[in-house]
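Here is how the chains run, residue by residue.
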Amino acid sequence: TMVLDKEESVSLVSLQSREKPRGCAGCNGRIRDRFMLQALDRYWHEDCLKCACCDCRLGRVGSTLYTRANLILCRRDYLRLFGVTGNCAACSKLIPAFEMVMRARDNVYHLDCFACQLCRQRFCVGDKFFLKNNMILCQLDYEGAHLNGSTERQPQ
């Protein structure tokens, strides 16, 4: 059977004093702690519900886990393995979901692609950039294009 991707919430449940201890889906041992985790319609010791990749504990209250191909994963590893951010507006190549990106309006860019598309100048924190006809421009090229009504770079 094919397992579809699933986003699940994890809840912290208290064990009632008269309740018979439940079995942990992780270690198969009895849960005798005061609190246990409930996720994927099963119960877990707080230390047993972990990401299959990085081993982080998924039991933070209100946290989310992801399942795919019988793996239980944290959000970061799920996105790293299976997620897609989209395509870079400058180079059109795929951007993996875990990669840092720059955004301008609805466009997403690789960090290395976020540069003036006429002179290739990279931007530093605080630099002004302009988006014209879906092109990223530095201030000089934007003002040049603005004055001439085109995006042709004028020889200096």
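Since this is a predicted model, take the numbers as computed values, not measurements. (Residues numbered from 1 in each chain as written. Predicted model: local features only at pLDDT ≥ 70, side-chain atom pairs only at ≥ 80, totals over all residues. Heavy atoms only, no water.)

A short note on the nonpolar core
Quick reminder of the rule: Definition of nonpolar core: a set of buried residues of the types Ala, Val, Leu, Ile, Met, Phe, Trp, Tyr and Cys, connected through side-chain atoms within 4.5 Å. Throughout, exposure labels follow a simple rule: accessible area from a 1.4 Å probe, protein chains only, divided by the maximum for the residue type, with under 20% read as buried, over 50% as exposed, and the rest as partly exposed. Put simply, DSSP H or I for four residues or longer makes a helix, DSSP E for two residues or longer makes a strand, and each gets a number counted from the N terminus.
Ranked by size, the top nonpolar core spans 19 residues in total, and within it A39, W44, L49, L58, L65 and I72 carry the most contacts. Of all the secondary-structure elements, those providing two or more residues to this core are β5 (35-39), β6 (42-44), β7 (64-68) and β8 (71-73). Looking at this core, the element that brings in the most residues is β5, giving three residues. C88, I95, F114 and Y142 belong to the second largest nonpolar core, which has 16 residues in total.

Focus on the sheet that holds β6
This is how it is decided: The pairing criterion is simple: DSSP has to find at least two bridges between the two strands. Between N-to-C directions, angles span 0 to 180 degrees; the directions come from axes that are lines fitted to C-alpha atoms, helices contributing only their stretch in contact.
Strands sit in the order β2-β5-β6 across an open sheet of three strands; the sheet is antiparallel. A single partner strand is all that each edge strand has here, and the edge strands are β2 (11-14) and β6. Adjacent strand axes in the sheet meet at a mean angle of 40° when their direction is disregarded. In this sheet, β6 lies alongside β5 in antiparallel orientation, the contact comprising three bridges. Bridged to L37 within β6 is W44.

Comments concerning the environment of V101
Note on placement: V101 falls in strand β11 (residues 101-104). For V101, a relative accessible area of 21% corresponds to the partly exposed category.

Points about the confidence of the model for the protein
The condition is simple: pLDDT gives the predictor's per-residue confidence on a scale running from 0 to 100.
Mean pLDDT over the protein: 82, with 86% of residues reaching 70 or higher. In the model of the protein, strand β1 (residues 6-9) stands out as the element of lowest mean pLDDT, 75, in contrast to strand β4 (residues 30-31), which has the highest, 94.

A word on the pattern of salt bridges
Heads up, the rule is: Take a side-chain nitrogen of Lys or Arg and a carboxyl oxygen of Asp or Glu: if they are within 4 Å of each other, that pair is a salt bridge.
Summed over all chains, the structure comprises three salt bridges. One salt bridge in this structure joins R57 and D47, with 3.1 Å as the shortest N-O distance. Of this pair, R57 sits in the loop between β6 and β7 while D47 sits in the loop between β6 and β7, and the two are 10 residues apart along the sequence. Look at R57 and you get partly exposed, because its relative accessible area is 46%. By relative accessible area, which is 45% here, D47 ends up partly exposed. With its nearest N and O atoms 3.7 Å apart, the salt bridge here joins D77 to R76.

Here's the deal with the packing of aromatic side chains
Formally: Two rings from Phe, Tyr or Trp (for Trp, the six-membered ring) form a pair when their centres sit within 6.5 Å of each other. Planes less than 30 degrees apart are called stacked, planes more than 60 degrees apart edge-to-face, and all others tilted. Criterion for a charge above a ring: Arg CZ or Lys NZ at most 6 Å from the ring centre, at most 35 degrees from the ring normal.
Tallied over the entire structure, the rule returns six aromatic pairs. With a centroid separation of 5.0 Å and 80° between ring planes, the pair formed by F114 and F129 is classed as edge-to-face. In this pair, F114 is assigned in the loop between β12 (107-110) and β13 (129-132) and F129 in strand β13, connecting sequence segments 15 residues apart. With relative accessibility at 32%, the residue F129 sits in the partly exposed group. Site record: aromatic cluster; members linked through ring pairs are Y109, F114, F123 and F129. R22 extends its terminal NZ or CZ atom over the ring of Y43, reaching a point 4.1 Å from the ring centre.

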